[in-house]
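Letter by letter, the chains look like this.
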Amino acid sequence: FMRLKQEGKSRDELVEMGETFNDMIGLLAESFMRQEQFVSNASHELKTPLTIIESYASLLKRRLRDRPELLEESIEAIHSEAVRMKGLTEQLLLAMPRSEWKIEREPLDLLPFAEQAVAFFRSAYGREIHVVLQGEDSVTVMTDQDKLKQVLFILLDNARKYSNDRIEIELGRADKDSYLRVKDLGIGIPAEELSKVFERFYRVDKSRSRDQEPIGGTGLGLSLGKELADAIGVKLVLESIQGKGTTATIRIP
Ligand code: ADP
């Protein structure tokens, strides 16, 4: 401070520098807090399914002979928890540097593609998703199938987590683009938060949920979705009305 004063900085300049410095500290602290929250959420979320898988596996080992009815329940739990862990580890992997991403475009028929995702969500979560094809017999696009699938899965997973009612995938063409749209009738996102949900680690108020129970998540899904979408040259747009539901649209040129 004294040195800066000796260098001839005016009082106003010094005050301004001090304020800028304070703002920077504030931003850094906020970013650290979000990262800490994320690490704690992610470790918790990995540990829970692992504990469930471990206890069901050990239950099967010890008790299967005298209680054969345990088999179905255990397999069900092990499967769904493994699916949950897979989702989370995929997210963690995707959070790594993306200079390695390879993009491979090929023709893709969106109807069977959407139906595959629907079958997965039915078997993994018991959630029925309706596919609605708008006005065409088929919609074929040129895209990277794996990455598009990851984007679609992120959107479907959110629709599943933040709603209890009908989930729909609509697909069709508009202007020169094709689109895939995931619609849910869930809790929605407040207008002032809509642009923030694409930020890494950002989650709308954690206490807010369909059953007053916190919903597990990392706050990474949509930011990864956006980055994947950018990488393959498709647009990801979110529209939402709080309390009414959310519509996420993937536009493919
Ligand atoms: P996560 O779901 O793991 O928290 P995301 O990045 O996918 O992370 O989403 C960020 C936040 O946006 C979520 O925490 C949630 O508050 C909100 N959100 C995303 N999708 C929906 C949706 N379909 N309905 C309501 N809220 C949503």
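In what follows, the accompanying structure is described. Since the structure is predicted, the reported quantities are computational estimates derived from the model, not experimental observations.

This part is about the nonpolar core. Counting 44 residues, the largest nonpolar core has Leu110, Leu148, Leu156 and Ile250 as its most contacted members. Listed by contribution, the elements that provide at least two residues to this core are helix H2 (11-63), helix H4 (110-125), helix H5 (145-161), strand S4 (167-174), strand S5 (177-184), helix H6 (221-232), strand S6 (235-241) and strand S7 (245-252). Residues within four places of leucine 156 in sequence aside, it is in contact with Ala117, Phe121, Ile129, Ile167, Ile169 and Val182.

Glancing now at the sheet that holds S7. In sheet architecture, strand pairing relies on hydrogen bonds along the backbone and comes in two forms, parallel and antiparallel. In space, the 5 strands of this open sheet follow the order S2-S4-S5-S7-S6, with mixed pairing throughout. On the outer flanks of this sheet lie strand S2 (129-133) and S6, each paired with one strand and no other. On average, each strand axis in the sheet is inclined to that of its neighbour by 15 degrees, with strand direction left out of account. Summarising the sheet, S2 and S4 pair through 5 bridges and their orientation is parallel.

In the sheet, S4 pairs with S5 via 8 bridges, with the strands oriented antiparallel. By the bridge assignment for S5, leucine 171 is matched with leucine 180. Between S4 and S5, which follow one another and run antiparallel, lie 2 residues, and aspartate 175 among them has a positive phi close to 55 degrees. Relative to S7, S5 runs antiparallel, the two being bridged by 7 bridges. Note that in S7 the partner of tyrosine 179 across the bridge is arginine 251.

Before going further, it helps to spend a moment on the packing of H4 against H5. Between two packed helices, both the angle of their axes relative to each other and the distance between the axes serve to describe the pair. It is the contact of H4 with H5, at a shortest axis distance of 11 Å, that shows an interaxial angle of 45 degrees. Taken as axis vectors, H4 and H5 run oblique relative to one another. Every pair of crossing elements has a handedness; the one defined by H4 and H5 is right-handed. Residue-level inspection shows Leu110, Phe113, Ala117, Phe120, Phe121 and Tyr125 of H4 in contact with H5, the latter providing Gln145, Leu148, Lys149, Leu152, Phe153, Leu156, Asp157 and Arg160.

Our next topic: the pattern of salt bridges. Here the structure, examined in full by the defined rule, presents 13 salt bridges. The partner of aspartate 157 in a salt bridge is arginine 160, and the shortest N-O contact between them spans 2.8 Å. Of this pair, aspartate 157 and arginine 160 both sit in helix H5, 3 residues apart, roughly one helical turn. Each member of the pair aspartate 157 and arginine 160 is classed as buried. Between aspartate 177 and arginine 251 there is a salt bridge, with its nearest N and O atoms 3.1 Å apart. In this pair, aspartate 177 sits in strand S5 while arginine 251 sits in strand S7, placing the two residues 74 residues apart along the sequence. Here the salt bridges do not stand alone but share partners, grouping Arg166, Glu168, Glu170, Arg181 and Lys183 into one network.

A few words now on the packing of aromatic side chains. All chains considered together, the criterion is met by 5 aromatic pairs. For the ring pair phenylalanine 120 and phenylalanine 153, a centre distance of 5.2 Å and an interplane angle of 40 degrees mean the geometry is tilted. Taken as a pair, phenylalanine 120 in helix H4 and phenylalanine 153 in helix H5 lie far apart in primary sequence, 33 residues in all. Taking relative accessible area as the criterion, phenylalanine 120 reaches 26% and is therefore assigned partly exposed. Residues phenylalanine 121 and tyrosine 125 carry aromatic rings whose centres are separated by 5.4 Å and whose planes lie at 40 degrees to one another, so their mutual orientation is tilted. Here the residue phenylalanine 121 and the residue tyrosine 125 both occupy positions in helix H4, the gap between them amounting to 4 residues, near one helical turn. Residue phenylalanine 121 is classed as buried on the basis of its relative accessible area of 2%. Each member of the aromatic cluster is reached from another via a ring pair, and the members are Phe120, Phe121, Tyr125 and Phe153. The ring of tyrosine 179 carries arginine 181 above its face, with NZ or CZ at 4.4 Å from the centroid.

Criteria and cut-off values
- All residue numbers refer to position in the chain's written sequence, counted from 1.
- In keeping with the model being predicted, local features are shown solely for residues with a pLDDT of at least 70 and side-chain atom pairs are shown and tallied solely at 80 or more, while totals for entire chains, interfaces and linings include all residues.
- Here the side-chain values reflect all heavy atoms present in the structure, with hydrogen atoms and water set aside.
- As used here, the term nonpolar core means buried Ala, Val, Leu, Ile, Met, Phe, Trp, Tyr and Cys residues forming a set that is joined through side-chain atoms within 4.5 Å.
- Whether a residue is buried, partly exposed or exposed follows from its accessible area with a 1.4 Å probe, protein chains only, as a fraction of its type maximum: under 20%, in between, or over 50%, in that order.
- The helix and strand labels rest on DSSP assignments: H or I over at least four residues marks a helix, E over at least two residues marks a strand, and numbering proceeds from the N terminus.
- Should any heavy atoms of two residues lie within 4.5 Å, those residues are counted as being in contact.
- Strand pairing follows a simple DSSP-based rule, namely that at least 2 bridges must link the two strands.
- Here an angle of 0 to 180 degrees is reported between the N-to-C directions of two axes, which are lines fitted to C-alpha atoms, with helices fitted over the stretch in contact.
- Orientation labels follow simple angle bins: below 35 degrees gives roughly parallel, above 145 gives roughly antiparallel, 65 to 115 gives roughly perpendicular, and whatever is left gives oblique.
- Working rule for handedness: look at the near helix, and if it is turned counterclockwise from the far one by less than a right angle, call the crossing left-handed; if clockwise, right-handed.
- Salt bridge, as applied in this entry: a Lys or Arg side-chain nitrogen positioned within 4 Å of an Asp or Glu carboxyl oxygen.
- Here a pair means two rings of Phe, Tyr or Trp (six-membered ring of Trp) with centres within 6.5 Å. Their orientation is stacked below 30 degrees between planes, edge-to-face above 60, and tilted elsewhere.
- The criterion is that NZ of a Lys, or CZ of an Arg, lies within 6 Å of the ring centre and within 35 degrees of the ring normal, and then a charge sits over that ring.

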